[in-house]
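What the coordinates show
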Amino acid sequence: YLVPVVILIVGPATWVEKFPEARGTRQSPVDIVTSRASSGGSAPPLVWRYSVNHPRSVVNPGYCWRVDENGYDSELRGGPLGSDVYKLQQWHCHWGSVNGEGSEHTVDGRAFSGELHLVHWNTSKYNSFTEAAGQPDGLAVLGVLLMVGSKHDELDKVVRLLPYIQHKGDKVTFSEPLNPANLLPKRIAYWTYPGSLTTPPCTESVTWILFKEPVQVSAEQVRLNLCYYVNGKNV
Ligand SMILES: C[C@H](CNC(=O)c1ccc(S(N)(=O)=O)cc1)Cn1ccc2ccccc21
Ligand SMILES: [Zn+2]
C-alpha cells in the first residue's frame, strides 16, 4: 500500500506566498564569505549610547525571547548609517535546537550557537518603528554571534527571567540596571550589508551590522534558552 506522504512546508519556502518581500533582492540572513568582504575603507566609526536605568520588559514572542526598550532614549550612528541617528527599539535572540547551529548568519559556512539582534530604527527620517520598518533605510540591526564559553553576566539578567515567560505572549517587566552595550563584543570590527528582516514579512529595511568577534555565553545559559523554546513550552 502507498503511504500518504504529506510534506508540510511551513518554513521560509512558503513565506514567499504570503510575503512577496521574501522574494526580494536583499534577503537576510546570508553567509558571510570573508574572502569577498571589502575593507571598510574610510567609513566613520560606529558610535552607540544606551540608557541603563529604565524599566524593560522581557517578552516571549513565540520564538526565543525579546526585550522591549519601552521607548527610552538611545542612539546608534556612524559607520554605514550616513548622517542618520537610530534608536534601539528591542533586542532578541535566535537559538537552534542543537548547540552549535542556532545562529541565523553564518561565517564561511560556519554557524554559531546563537545570535543576538539589537534592533534600531531611523529617528532622523521616520516617526515610528513600524513606519521605519517598511523603509529601505529604516532599520539598523547589530548582530552578535554567540558561542558556548564563559557565563555572560549581562545576558544573565534576562536568562534568569525566562522561567517566568514560559508561554507565548508572557511578559515580565524588570528594572534592574542593564547596559545593552555590555552585550557587544570587546573588539567592534564588523561586516555590514543591506538586508531584510529575517522573519516574515522579511521587509528589506535593515542595514545589517554583524560583529566579527563572537560573544561567549555559558552552556547553562544556552540550555535555559533552549528548554523554554524547544520543548514547545511557549505555544
Ligand atoms: C516589524 C514588525 C515585526 N517584526 C520585527 O519587528 C522584526 C524585527 C527584527 C527582526 S530581525 N530577526 O531581522 O532582527 C525581525 C522582525 C513587522 N511589521 C509590522 C508592521 C510592519 C510594517 C512594515 C514592515 C514590517 C512590519
Ligand atoms: Zn532577529
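For the structure itself, consult the block above.
Everything numeric here is computed off the predicted structure, so don't read it as measured data.

Here we look at the site of ligand 1
Taken together, 17 residues sit near ligand 1, with His92, His94, Thr198, Thr199 and Thr203 positioned nearest. Take His94: an N or O atom from its side chain is 3.3 Å from a nitrogen atom of ligand 1. Here an oxygen atom of ligand 1 sits 3.4 Å away from a polar atom, N or O, in the side chain of His117. For ligand 1, whose unbound accessible area comes to 570 Å², protein coverage reaches 73%. Put simply, the parts of the chain that give the shell around ligand 1 at least two residues each are strand 6 (86-95), strand 8 (114-122) and helix 2 (129-132). For the shell around ligand 1, the leading source of residues is strand 6, giving 3 residues. Here the residues of the shell around ligand 1 sort into 7 nonpolar, 9 polar and 1 charged.

Concerning unusual backbone geometry
Between Ser28 and the following residue, Pro29, the backbone shows a cis peptide bond with an omega angle of -5 degrees. Structurally, Pro29 is set in the loop between helix 1 (12-18) and strand 1 (31-32). With omega at 10 degrees, the peptide bond leading from Pro200 into Pro201 counts as cis. With respect to the secondary-structure elements, Pro201 resides in the loop between strand 11 (190-195) and strand 12 (206-211). Positioned with a positive phi, Asn70 is a non-glycine residue whose angle comes to about 55 degrees. On the secondary structure map, Asn70 appears in the loop between strand 4 (66-68) and strand 5 (74-78). One non-glycine residue, Asp108, lies in positive phi territory at about 50 degrees. Checked against the element boundaries, Asp108 lands in the loop between strand 7 (106-107) and strand 8.

Calculation notes
- Residues numbered from 1 in each chain as written.
- Chains lettered and ligands numbered in written order.
- Predicted model: local features only at pLDDT ≥ 70, side-chain atom pairs only at ≥ 80, totals over all residues.
- Heavy atoms only, no water.
- Near = heavy atom within 4 Å.
- Polar contact = N/O pair within 3.5 Å; in protein donor to acceptor, adjacent residues only side chain to side chain.
- Areas by Shrake-Rupley, 256 points an atom, 1.4 Å probe, with all protein chains shown as cover.
- Helix = DSSP H or I, 4+ residues; strand = E, 2+ residues; numbered from the N terminus.
- Nonpolar A, V, L, I, M, F, W, Y, C, P; charged D, E, K, R; others polar.

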